[in-house]
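# Fold and contact review
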Amino acid sequence: MNFPADLTDMADKADDVSAFLKGLASGHRLMILCKLSEGEASVGELIEATGLAQTSMSQHLAKLKTEGLVDYRRDHRTLYYFIAHPAVMEIMAVLYRHFCAKDQS
């Protein structure tokens, strides 16, 4: 990967990138994103998959939504969350490959 010699362009984006990474900087949020990388899921499904309490789940989903990493659709009274930022799937794949894959070479 080639980065520009002039870091001015990167400096203009540094705050956005930092906010994006803060959204990922939690084990609980990473587990939520792992589940969502399989496809959309209801809040109940996310709670079941992660073991988080309802209030904690709500806080983490709010942070992920604020940072633009996830979004949701409403079906009557049920909210279904999904990954909204295209970079999230790429980053989750890299993290999985480096930290979770059984055959780490």
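I will try to describe carefully the structure that is included in this document. (Residues numbered from 1 in each chain as written. Predicted model: local features only at pLDDT ≥ 70, side-chain atom pairs only at ≥ 80, totals over all residues. Heavy atoms only, no water.)

## Concerning the overall build of the protein
Counting its regular elements, the protein contains five helices and three strands. Scanning the protein from its N terminus toward the C terminus, one meets helices and strands in the order α-α-β-α-α-β-β-α. Counting only C-alpha atoms, the protein reaches 50 × 35 × 20 Å along its principal axes. When burial is assessed residue by residue, the protein has 24% of its 105 residues classed as buried. For the protein, the exposed area adds up to about 7400 Å²; of that, 54% sits on carbon and sulfur atoms. Charge separation in the protein, taken as the distance between the mean sites of 11 positive and 14 negative side-chain charges, equals 7 Å. (Helix = DSSP H or I, 4+ residues; strand = E, 2+ residues; numbered from the N terminus. Buried < 20%, exposed > 50% of the residue type's maximum accessible area, 1.4 Å probe, protein only. Areas by Shrake-Rupley, 256 points an atom, 1.4 Å probe, with all protein chains shown as cover. Lys, Arg positive; Asp, Glu negative; His and termini not counted. Charge placed at Lys NZ, Arg CZ, Asp CG, Glu CD.)

## Description of the packing of helix 2 (residues 27-36) against helix 4 (residues 54-66)
The geometry of a pair of packed helices is captured by two quantities: the angle between their axes and the separation between those axes. The interhelical angle for the contact between helix 2 and helix 4, taken along N-to-C directions, is 75°, at an axis separation of 10 Å. With respect to their mutual orientation, helix 2 and helix 4 come out roughly perpendicular. Contacts between helix 2 and helix 4 involve H28, R29, I32 and L33 on the former and, on the latter, M57, H60, L61, K63 and L64. Within the contact of helix 2 with helix 4, the residues separate by chemical class into five nonpolar, two polar and two charged. (Axes fitted to C-alpha atoms, helices over the stretch in contact; angles between N-to-C directions. Parallel < 35°, antiparallel > 145°, perpendicular 65-115°, else oblique. Contact = heavy atoms within 4.5 Å. Nonpolar A, V, L, I, M, F, W, Y, C, P; charged D, E, K, R; others polar.)

## Points about helix 2
Residues of helix 2 that are buried include every one of R29, I32, L33 and L36, and no others. On an axial view of helix 2, the arc spanned by its buried residues comes to 95°, and they lie on one face. Taking the backbone nitrogen of H28 as reference, a side-chain oxygen 3.2 Å away marks S26 as the first, capping residue of helix 2. (Arc of directions from axis to C-beta. Polar contact = N/O pair within 3.5 Å; in protein donor to acceptor, adjacent residues only side chain to side chain.)

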